[in-house]
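Reading the structure
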Amino acid sequence: MSERSQLSAALSTSAVVNPPVELSGVSRHFGRFAALRSISGQFQAARLYVVLGENGAGKSTLLRVLAGLVPASRGRVSWFGGEDLSLVRQRISYMAHASLLYDELNAMENLRYFAGLYGIQDDGICQDAMRSVGLDAALDRPAGQYSQGMRQRLSLARAILHRPDVLLLDEPFSNVDVQSAGSMARLLGQMRDQGCTVLVVTHQPALLTGVADEFVRMAEGRIVARTTDLRDPAETEAAR
Amino acid sequence: MSTAAQLSRVPISRTPRMLAVLRATLLKDLRLEWRSKDAINSMLFFSLLVVVVFSFSFDPTAEESRRIAGGLIWVSFLFAAVVALNQTWARELRNQVLDAYRVSPAPANALFLAKAIGNFVFVGVLEAIMTPLFMVFYNLRPLGPAWELVVVAALATWALVVNGTFFAAISIRTRSREVMLPLLLFPISIPALYAMVAATTAILAGDASPNYWLKLLGVYDVVFTIACLLLFETVLNAE
């Protein structure tokens, strides 16, 4: 049995009891607008999920609910079998549309600060995270002067530096060149192989076809399909 | 782009310690301010304007100056502090950096205390620069023990920044945050403002002991620091 198969088997055994993320009838309203409507489902360990849908489908809100940034209006979210997110914050990470970085600080200063929030004081870990996304750890320009693609990669480095078990990524490939996006996709695949649950909201799902385990389609605040194939089941049906 | 070998799945994060996060956040804020000088420049410019405008507006005698300078100084510092207090959280909302803190296991109160101490430093620097100018422009010479002014300044500045940091965190998500902060902060600062002005006047005029007002400021600081610490996590995570 290969190393990955062994890891997946071990993780799935424990995940049957406690999936890293589980939603049960989760709704989220902003005033009268329902961004999420009674979503239920599990997201298992060592799986990479690609969340797809039109603008306004509720993808980003779903990630923010899972990250604990927005409380659910109704329903229940559990992380690793418990509903108290404060107990498992160290195991979760989130990368948003915005960079979540200080423009005035350089890459290492940014990472060093965020590492400190997770009790990490080792510069080597920050340097490893930078190298893993293809950035030079000696880069000393302020982050505000980076290209959008570099900021996205630094933002990913920030999100992965504490080795989360659940990684929530909102449009990680926007404004990233094709080659770098491909490398980022491979890195996410490797994190999945090492046991991390990865949820990626993207409008560029083709970048993840080689590494994604499941495509989660959303529309009007609901999960409408979960498939292992990127092709839309409705389109496939219509083509027949 | 290199990859897996550099990112082992060995869990490396630990529960962050309050003091370590406080220190890291404070140093980060001081570094950001050192590079941008957003808050200090605005505060200095504003305070300088107040000193110059008031000195041209009336020409008090030395005795009158001792009676009114306490009020002038602290009102000037209060208005100037609002500038710094608004900056404190504005830089956390740029690029939504505050979300990265909220997602992390770092304690909310470490963030609050770091921000309050940072503002204390900024306003303290302002006071250190502006107080000699006030002395010169208003021909002031304290008749009471001048060292007590340092105690008044420390207690009064903490009174301003602890509530200011808290209410700035509340007002930062509102549409008219520049107006909202003074509206929330000034009424609740009235007892502290009264005490700091009375203590400063007592020291400058040398005709009364400032002890009562210092005790009042001390109690105000303790009560509001505890209240802010108890409520800050709710404010931080409020939608």
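That block above? That's the structure.
Now for a look at the structure at hand. Just so it is clear, the model here is predicted, and its values are computed rather than measured.

**Structural notes on the sheet that holds strand β1 (residues 21-30) of chain A**
Residues and elements named next belong to chain A. Sheet architecture is open: three strands sit in the order β2-β1-β4, paired in antiparallel fashion. Two strands close off the open sheet at either side, each with one partner strand: β2 (33-43) and β4 (74-79). Adjacent strand axes in the sheet meet at a mean angle of 20° when their direction is disregarded. Looking at chain direction, β1 and β4 are connected through five bridges and run antiparallel. Counterpart to S27 in the pairing with β4 is R74. Each of β1, β2 and β4 is contacted by helix α2 (residues 59-67), which is oriented at about 120° to β1, the strand it contacts most.

**Examining a nonpolar patch on the surface**
Judged by side-chain polarity, V222, I226, L230 and L231 of chain B come together as a nonpolar surface patch covering roughly 410 Å² of accessible area. Position of I226 of chain B relative to the elements: it lies in helix α8 (residues 211-236).

**As for the packing of helix α2 (residues 38-57) of chain B against helix α5 (residues 108-137) of chain B**
Residues and elements named next belong to chain B. One can describe the packing of α2 onto α5 by two numbers: an axis separation of 10 Å at closest approach and a directional angle of 20°. Relative to α5, the element α2 lies roughly parallel. As for the relative orientation of α2 and α5, their crossing is right-handed in sense. On the side of α2, the interface is formed by I40, M43, L44, S47, L48, V51, V52 and S55, while α5 contributes F122, V123, V125, L126, I129, M130, L133, F134 and F137. Its residues assigned to classes, the contact of α2 with α5 shows 15 nonpolar, two polar and no charged.

**Observations regarding the interface of chain A and chain B**
Each side of the interface is counted separately: chain A has 54 residues, and chain B has 37 residues. Carbon and sulfur atoms supply 57% of the area that chain A and chain B bury against each other, a total of about 4000 Å² over both sides. Where chain A packs against chain B, one counts four salt bridges. Note that R94 of chain B and E104 of chain A form a salt bridge whose closest N and O atoms lie 3.4 Å from each other. Summed over the shared surface of chain A and chain B, the number is twelve residue pairs in polar contact (both at pLDDT 80 or more). Listing elements by their share of the side of chain A that touches chain B, those giving two or more residues are α2, β5 (92-95), α3 (107-116), α4 (123-132), α5 (148-160) and α6 (178-193) of chain A.

Each value, and the rule that gives it
- The written sequence of each chain sets the order in which its residues are numbered from 1.
- To read the labels, note that chains go from A and ligands from 1, taken in the order they are written.
- Only residues with pLDDT of at least 70 are given local features in this predicted model, and only at 80 or more are side-chain atom pairs given and counted; all residues enter the totals for whole chains, interfaces and linings.
- Excluded from the side-chain calculations are hydrogens and water; all other atoms, namely the structure's heavy atoms, are used.
- Each pair of strands is called paired provided DSSP finds at least two bridges between the two strands.
- Counting from the N terminus, the helices are the DSSP runs of H or I reaching at least four residues and the strands are the DSSP runs of E reaching at least two.
- Angles run from 0 to 180 degrees between N-to-C directions of axes, and those axes are lines fitted to C-alpha atoms, restricted for helices to the stretch in contact.
- By definition in these notes, contact holds between two residues if any of their heavy atoms fall within 4.5 Å.
- Exposure above 30% relative accessible area and no salt bridge define the residues that can form patches, which grow by joining like charges within 9 Å and nonpolar side chains of Val, Leu, Ile, Met, Phe, Trp and Tyr within 5 Å.
- Accessible surface area values rest on a Shrake-Rupley calculation with a 1.4 Å probe, where residue burial reflects the displayed protein chains alone.
- A pairing counts as a salt bridge when a side-chain nitrogen of Lys or Arg comes within 4 Å of a carboxyl oxygen of Asp or Glu.
- Convention used here: angles under 35 degrees read as roughly parallel, angles over 145 as roughly antiparallel, angles from 65 to 115 as roughly perpendicular, and any remaining angle as oblique.
- By definition, any crossing whose near helix is turned counterclockwise from its far helix by less than a right angle is left-handed, and any crossing with a clockwise turn is right-handed.
- All amino acids are sorted into three groups, where Ala, Val, Leu, Ile, Met, Phe, Trp, Tyr, Cys and Pro are nonpolar, Asp, Glu, Lys and Arg are charged, and the leftover types, Gly among them, are polar.
- As used here, buried area is the combined drop in accessible area, with a 1.4 Å probe, of two parts when they are placed together.
- Residues adjacent in sequence count toward polar contacts only when both atoms are side-chain atoms; beyond that, a polar contact is any pair of N or O atoms within 3.5 Å, and within protein one must be able to donate a hydrogen and the other to accept it.

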